[in-house]
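Here are the chains, one letter per residue:
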Amino acid sequence: MRQVEDAIKIVLDNIKVLGTERIPIQDSFGRVLGEDVNSSIYLPPWDNSAMDGYAVKWDDIKEAAKERSANLKITGDIRAGSMPDKPVGKGEAIRIMTGAPVPDGADTVVRVEDTKYEGDVVSIFRSGKKGENIRKRGENVKEGDMVLKKGTLIGSGQLGSLAMIGKPVVTVFRRPVVNVMSTGDELADFDEKLTENKIPNSNSYAVASQVIEAGGVPHVVGIARDTKESTREKIGQGLVGDMLIVSGGVSVGKYDFVKDILKEYGIDMKFWTVGIRPGHPIAFGIVGERPVFGLPGNPVSTMVTFEVFARPALMKMGGHTSYFRPTVDAVVEEEFHDRPGRTHYVRAIARYKDGKYLVRSTGTQGSGVLMSMAYANSFMVLPPDKEKVLVGEIVKVQLIGRPIEHD
Ligand code: AMP
Ligand code: MG
């Protein structure tokens, strides 16, 4: 049976990175940089004061002490946002505010707290060190410095840095547009009556939200009924944009038409079973240039296989440089039994206590029990040969971006 790692590799090998677009940086939070960003300015642009104080020549104050002040003539005052209009001469001081450019002639700033003034004379009671309280030109960034690399996820620190270097517009990767389709005669959408033969369609909405989390734009195509005609029509509608994700109808049931219809549309099927629990069968192939996933219909299987196969694909499309969730080692808190043979993604609750992660399953792990996803903040990833995990054992846990309780 094809193992999970091999299947992920096949998916990624068949995914192309999307193109880029230019957007205002105000809109760039959560986007991925599509260019290397170099600074075109020096920051700070000039030597400037790190304190409110007095710009002086250190030679004039090097003997200053508590009982023996150095007394200098105040010849002016520079606020942040103005430029010095005269140099500091010998025996002189210029009052300076935090962030204001240091005037020529001065090599040191003395903090207000170490001074006292009367009229136009300031008494300085501390020599400090030469050069103190001056932030040097280019100390933060120099012209030509690379500030951020292509492929960087833009968070607040990155967005702030773009603003800092005066870059109003930035190149980012396009968001993948993903068509999301469900299949099944038993499904009722919100605009339909939930008659006795129906259950609510949950996969369309769960998957659409997973697409958003992965940085994509979901388009919900709706439900194909379990006929060839309906499946053909909906798949046809879904074969636009950057990816199609179908849930259900990929198994071996009499009314599972998804694979047949994808063949009609000329799919180059890369695989359609993987050794994963929950979630086998799962189909992946290319129609034209467009990747298509046929995820199993059981709601947990749908979400887990999205996480494992479709999310990395979307991360790659969207220009990210790393595609996977963080994995940590965790100590098992409750014994868990498993049928061996496939890699098991056990929905789990991880928490952080006394310097380490602890983990337990969310309980019932049936592939239709969506509550197991609702309560999970992680997956315990158990290799195919694993039959049970015991209390105290160390396992691999994939964190899925949910809150984690800690002490
Ligand atoms: P299938 O893969 O089509 O055989 O579906 C497997 C199971 O998942 C069946 O019990 C379906 O009712 C259920 N199922 C399939 N699609 C959905 C959906 N969109 N929302 C909720 N349950 C679904
Ligand atoms: Mg079905």
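Definitions and limits used
- Residues numbered from 1 in each chain as written.
- Chains lettered and ligands numbered in written order.
- Predicted model: local features only at pLDDT ≥ 70, side-chain atom pairs only at ≥ 80, totals over all residues.
- Heavy atoms only, no water.
- Helix = DSSP H or I, 4+ residues; strand = E, 2+ residues; numbered from the N terminus.
- Rg over C-alpha atoms; globule rule 2.2 N^0.38 Å.
- Buried < 20%, exposed > 50% of the residue type's maximum accessible area, 1.4 Å probe, protein only.
- Contact = heavy atoms within 4.5 Å.
- Areas by Shrake-Rupley, 256 points an atom, 1.4 Å probe, with all protein chains shown as cover.
- Salt bridge = Lys/Arg side-chain N within 4 Å of Asp/Glu carboxyl O.
- Near = heavy atom within 4 Å.
- Polar contact = N/O pair within 3.5 Å; in protein donor to acceptor, adjacent residues only side chain to side chain.
- 1 Å grid on protein atoms, 1.4 Å probe; cavity = no way out; pocket = protein on both sides within 12 Å on 5 of 7 lines; lining within 4 Å.
- Sits in = over half its atoms within 2 Å of the grid points.
- Nonpolar A, V, L, I, M, F, W, Y, C, P; charged D, E, K, R; others polar.
- Pairing = 2+ DSSP bridges.
- Axes fitted to C-alpha atoms, helices over the stretch in contact; angles between N-to-C directions.
- Arc of directions from axis to C-beta.
- Phe/Tyr/Trp six-rings, centres within 6.5 Å; stacked < 30°, edge-to-face > 60°.
- Lys NZ or Arg CZ within 6 Å of the ring centre and 35° of its normal.
- Domains from an automatic or database assignment.

1. Quick notes on the overall build of the protein chain
- Along its length, the protein chain carries eight helices and 29 strands.
- What you see for the protein chain is a C-alpha radius of gyration of 31 Å, clearly larger than the 22 Å of a compact globule of 407 residues, by over 25%.
- If one aligns the C-alpha atoms of the protein chain with their principal axes, the spans along those axes are about 95 × 50 × 40 Å.
- By the burial criterion, 47% of the 407 residues in the protein chain qualify as buried.
- Residue pairs at least 24 apart in sequence account for 71% of intrachain contacts in the protein chain once pairs closer than 6 positions are excluded.
- Approximately 19,800 Å² of the protein chain is accessible, and the part contributed by carbon and sulfur atoms is 51%.

2. Structural notes on the pattern of salt bridges
- Counting across every chain of the model gives 27 salt bridges.
- Put simply, Arg-31 and Glu-21 hold a salt bridge, and the shortest N to O gap is 2.6 Å. With Arg-31 in the loop between strand 1 (20-24) and strand 2 (37-38) and Glu-21 in strand 1, this pair connects stretches of sequence that are ten residues apart.
- The shortest N-O distance in the salt bridge between Asp-120 and Lys-73 comes to 3.5 Å. Placement of Asp-120 in the loop between strand 8 (115-118) and strand 9 (121-124) and of Lys-73 in strand 5 (residues 70-78) is noted, with a sequence separation of 47 residues between them.
- Given a relative accessible area of 45%, Lys-73 falls into the partly exposed group.
- A single salt-bridge network, built from bridges that share partners, covers Arg-111, Asp-114, Arg-126 and Glu-132.

3. Description of the site of ligand 1
- Around ligand 1, 14 residues are found, and the nearest of them are Glu-186, Asn-201, Ser-202, Gly-249 and Gly-297.
- Between Gly-249 and ligand 1, the recorded distance is 2.9 Å, taken from a backbone N or O atom to an oxygen atom.
- Between ligand 1 and the protein, one listed contact pairs an oxygen atom with a backbone N or O atom of Asn-298 at 3.2 Å.
- Protein chains shield 77% of the accessible area of ligand 1, which is 480 Å² for the free molecule.
- Among the detected pockets, ligand 1 sits in the largest pocket.
- The class makeup of the residues in the shell around ligand 1 is four nonpolar, nine polar and one charged.

4. What about the sheet that holds strand 6 (residues 92-96)?
- If you walk across this open sheet you meet the six strands as 7-4-6-5-9-8, and the pairing is mixed. The open sheet has two free edges, formed respectively by strand 7 (108-111) and strand 8, since each of these has just one partner strand. Geometrically, the sheet is characterised by an average inter-axis angle of 40° between neighbouring strands, direction not taken into account.

5. Focus on the pairing of strand 17 (residues 243-247)
- Burial analysis of strand 17 places five of its five residues in the buried class, which makes it a mostly covered element.
- Residues Met-243, Ile-245 and Ser-247 point to one face of strand 17 and Leu-244 and Val-246 to the other, with burial holding for every one of them.
- Direction of pairing for strand 13 (residues 177-183) relative to strand 17: parallel, over a ladder of five bridges. Bridging across to strand 17, Val-180 finds its partner in Ile-245.
- Sheet analysis places strand 17 next to strand 21 (residues 290-295), joined by four bridges and oriented parallel. Of the residues in strand 21, the one forming a bridge with Val-246 is Gly-294.

6. Looking at the sheet that holds strand 13
- Strand order across the open sheet formed by six strands is 16-13-17-21-20-18, with mixed pairing between neighbours. Each end of this open sheet is capped by a strand with a single partner; those strands are strand 16 (217-224) and strand 18 (268-271). Pairs of neighbouring strands in the sheet enclose a mean axial angle of 20°, with direction left out of account.
- Contacting strand 13, strand 16 and strand 17, helix 4 (residues 203-213) crosses the sheet at an angle of about 160° to strand 13.

7. Some points on helix 1 (residues 4-13)
- Those residues of helix 1 that fall on the buried side of the exposure criterion are Val-4, Ala-7, Ile-8, Val-11 and Leu-12. Projected onto a plane normal to the axis of helix 1, the buried residues spread over an arc of 135° and lie on a single side. The exposed set on the far side of helix 1, more than 90 degrees from its buried face, consists of Glu-5, Lys-9 and Asp-13.

8. Considering the environment of Thr-183
- One can find Thr-183 in strand 13.
- According to the relative accessible area criterion, Thr-183 is buried, its value standing at 8%.
- Note: C-alpha distance between Thr-183 and Glu-139 (44 residues apart in sequence) is 59 Å.
- At 3.0 Å, the side chain of Thr-183 forms a polar contact with the backbone oxygen of Ser-247.
- Within the local environment of Thr-183, its side chain forms a polar contact with the backbone nitrogen of Gly-249, the two atoms lying 3.3 Å apart.

9. Overview of the packing of aromatic side chains
- According to the stated counting rule, one finds eight aromatic pairs in the structure shown.
- Measuring from ring centre to ring centre gives 4.9 Å for Phe-284 and Phe-293, while their planes differ by 40°; the resulting arrangement is tilted. One exposure class covers both Phe-284 and Phe-293, and it is buried.
- Taken together through their ring pairs, the aromatic side chains of Phe-271, Phe-284, Phe-293 and Phe-309 make up a single cluster.
- A cation sits over an aromatic face here: Arg-137 above Tyr-42, 3.7 Å from the ring centre.

10. Examining the domain arrangement of the protein chain
- The domain architecture assigned to the protein chain consists of domain 1 (4-16 + 175-317), domain 2 (20-42 + 150-173), domain 3 (48-135) and domain 4 (327-406).
- On a C-alpha basis, the centroid separation for the pair domain 3 and domain 4 is 62 Å.

11. With respect to the pairing of strand 25 (residues 356-361)
- As judged from the three bridges shared by strand 22 (residues 327-332) and strand 25, these two strands associate in the parallel manner. In the strand pairing of strand 25, Val-331 is matched with Leu-358.
- Relative to strand 25, strand 24 (residues 343-353) is paired through six bridges, and the arrangement is antiparallel. The partner of Tyr-352 across the bridge, within strand 25, is Tyr-357.
- Hairpin remark: strand 24 followed by strand 25, antiparallel, with two residues in the connecting loop; positive phi at Asp-354, about 50°.

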